[in-house]
Amino acid sequence: MHAHIAEAVKVPDVVTVPPGAICLRFETMKLYSALGAVRHLLETGQVEPGDTLVDSSSGIYAHALALACHRYGLNCHIVGSTTVDRTLRVQLEILGATLEQVRPSRNLRLDQNLRVERIGELLRENPHYHWMRQYHDSIHYLGYRDVADLIRKEVPEGPLSLVGGVGTGASTGAIATYLRETGRDVKLIGVQPFGSVTFGAEHVSDPDMIIAGIGSSIPFQNVRHDLYDRIHWVNFDYAMSGAVELLRVSGIFAGLSAGAAYLATLWERERERGRERERERERGRVRGRDADRTYVFLAADTGHRYVDSAYAHHAGAKGLGALLPHEVTTQDELRHPWSAMDWPPADSALLRGAPVLVAESA
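Described below are features of the structure shown in this document. (Residues numbered from 1 in each chain as written. Predicted model: local features only at pLDDT ≥ 70, side-chain atom pairs only at ≥ 80, totals over all residues. Heavy atoms only, no water.)

A few points about the state of the cysteines
In a disulfide, the sulfur atoms of two cysteines are covalently bonded to one another. Rules: Disulfides are defined as cysteine sulfur pairs within 2.5 Å.
As enumerated under the stated definition, the model contains zero disulfides in all. Free cysteine Cys-69: the closest other cysteine sulfur is in Cys-76, separated by 4.3 Å.

Things to note about the packing of helix H3 (residues 60-72) against helix H4 (residues 86-95)
Here is the rule we go by: Here an axis means a line fitted to C-alpha atoms, over the contact stretch when the element is a helix, while the angle between two N-to-C directions is reported on a 0 to 180 degree scale. Each helix corresponds to a stretch of at least 4 residues labelled H or I by DSSP, and each strand to a stretch of at least 2 residues labelled E; elements are numbered beginning at the N terminus. Should an angle lie under 35 degrees it is considered roughly parallel, over 145 roughly antiparallel, and from 65 to 115 roughly perpendicular; all remaining angles are considered oblique. Two helices that cross are described as forming a left-handed crossing if the nearer one is turned anticlockwise from the farther one by less than a right angle, and a right-handed crossing if clockwise. Should any heavy atoms of two residues lie within 4.5 Å, those residues are considered in contact. Polar here means any residue outside two lists: the nonpolar Ala, Val, Leu, Ile, Met, Phe, Trp, Tyr, Cys and Pro, and the charged Asp, Glu, Lys and Arg; Gly therefore counts as polar.
With their axes 10 Å apart at the nearest point, H3 and H4 run at an angle of 15° to one another. On the basis of their axis angle, the class for H3 and H4 is roughly parallel. For the crossing formed where H3 meets H4, the hand is left-handed. Residues Ala-62, His-63, Ala-66, Leu-67 and His-70 of H3 form the contact with H4, whose own contacting residues are Leu-88, Gln-91, Leu-92 and Leu-95. Its residues assigned to classes, the contact of H3 with H4 comprises six nonpolar, three polar and no charged.

Concerning the pairing of strand E10 (residues 294-299)
Selection criterion: Classification of residues uses two cut-offs on accessible area relative to the type maximum, computed with a 1.4 Å probe and protein chains only: under 20% is buried, over 50% is exposed, and between them is partly exposed. In short, DSSP must find at least two bridges between two strands for them to pair.
With respect to burial, E10 is a largely interior element, six of its six residues being buried. Of the two faces of E10, both are covered, the one formed by Thr-294, Val-296 and Leu-298 as well as the one formed by Tyr-295, Phe-297 and Ala-299. When strand E2 (residues 21-25) meets E10, the two strands line up parallel, connected through four bridges. Among the inter-strand pairings, Leu-24 is bridged to a residue of E10, identified as Leu-298. As defined by bridge partners, strand E7 (residues 160-165) adjoins E10 across four bridges and the pair is classed as parallel.

Quick notes on the sheet that holds strand E5 (residues 98-101)
If you walk across this open sheet you meet the four strands as E5-E4-E3-E6, and the pairing is parallel. Every other strand in the sheet has two partners, leaving E5 and strand E6 (130-131) as the edge strands with one partner each. With two bridges joining them, strand E3 (residues 52-57) and E6 adopt parallel strand pairing. Paired with Val-54 across the two strands is Trp-131, which belongs to E6. Most of the contacts of H3 go to E3, to which it runs at about 165°, and overall it touches E3 and strand E4 (75-80).

Here we look at the pairing of E4
In plain terms, the rule: Handedness rule for crossovers: strands pointing away from the viewer, path from the first strand over the helix to the second running clockwise, crossover right-handed.
The buried fraction of E4 amounts to five of the six residues, a majority that puts the element mostly inside the structure. Read as a crossover between parallel neighbours, the route from E3 over H3 to E4 is right-handed. Two elements, E4 and E5, share four bridges in a ladder whose sense is parallel. Within E5, the residue paired with Ile-78 across the bridge is Leu-99. Following the backbone out of E4, through H4 and into the adjacent parallel E5, one traces a crossover that is right-handed.

Description of the sheet that holds strand E9 (residues 230-234)
Strand pairing in a sheet is mediated by backbone hydrogen bonds. Such pairs are either parallel or antiparallel. One open sheet holds the eight strands; their spatial order is E1-E2-E10-E7-E8-E9-E12-E11, and the pairing between them is mixed. Looking at strand neighbours, the two that pair on one side only are strand E1 (13-17) and strand E11 (326-327), the edges of this open sheet. In the sheet, E9 pairs with strand E12 (residues 338-342) via five bridges, with the strands oriented antiparallel. The residue of E12 that forms the bridge with His-232 is Ala-340.

Section: the pattern of salt bridges
Note the threshold: Salt bridge criterion: a side-chain nitrogen from Lys or Arg within 4 Å of a carboxyl oxygen from Asp or Glu.
Taken as a whole and judged by the stated rule, the model has 21 salt bridges. Arg-230 is the salt-bridge partner of Glu-268, the closest N and O atoms lying 2.9 Å from each other. Of this pair, Glu-268 sits in helix H9 (residues 256-282) while Arg-230 is found in strand E9, placing the two residues 38 residues apart along the sequence. Across the pair, Arg-230 and Glu-268 agree in class, each one buried. Where Asp-342 meets Arg-271, a salt bridge forms, and the shortest distance between an N and an O atom there is 3.6 Å. Remark: Arg-271 occurs in helix H9 and Asp-342 occurs in strand E12; sequence separation between them is 71 residues. A residue is classified by how much of its surface remains accessible, and Asp-342, at 41% relative accessible area, is partly exposed.

What follows is the structure, encoded as structure tokens:
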């Protein structure tokens, strides 16, 4: 029995998805981030019950933080994007969270900047508020240790590839870090939208991009680039096609980031198997270690908020079997509809290695 609905809702379903992948299907994955961060703040005395936590959100984190505050007796104030819909607004109101939305803007960068500017004003007006800094504070890594533990229990031992949206960096980066701490061979494959600055794709726009939660128009300090082995940039049309196919073959109704991750997973699995077949031929048919690699991809939220913008257009979805990424070696070569690249680039100064997670608070 759970002490609070947030503890129950956060736990993902572990589902086998053809052909041969595993999906972690979350109701809302950011509950791990919010609950872990809030719990740490309370345990270390940085906040106390009755204090007010504030942060910026385009929707998903707002719900997660509101539930975490409800769970631990804290007040919650959200500076929200215009993408926060009526369903979420009503829930936040009933949960006791307050929401203010910035004015409509021409693009994601302006929207994010407006939200950050407003938070600065709030902190000057209310210096006792605690800014959660979901984009920059490493305490948001802490809750994902539980996801790594779940994967260790549910996924067969052996080499593993984890595929998911990069977003603020706290989900895929943290899960891979905690798995690697145990000595497991983990390849981390991040998914990005075109236009995101996080891995240098700001020069390739995607006017239809509505999966901003997996990318960013401003730098996020929680993204640890050296944790990643491969990056996929997927545009709206291909992400939508992946989401529709995922629903069709598995019944999983998830967001566009899951569709992009499923598409990348299928390609990475086929790519590695092709390389393994070649290695077997070169070795006289000695089976290699990567032949048993397991592919796990993240479905971070449900598909409900994408019904009108994406799923309603399912008749136009493309068959995934014919979709191939452009394999590139530099960001200058990135192009629609789908590009993939080994990370770090050959000329990058980034070094391999997972940094120590140090919880800091602003």
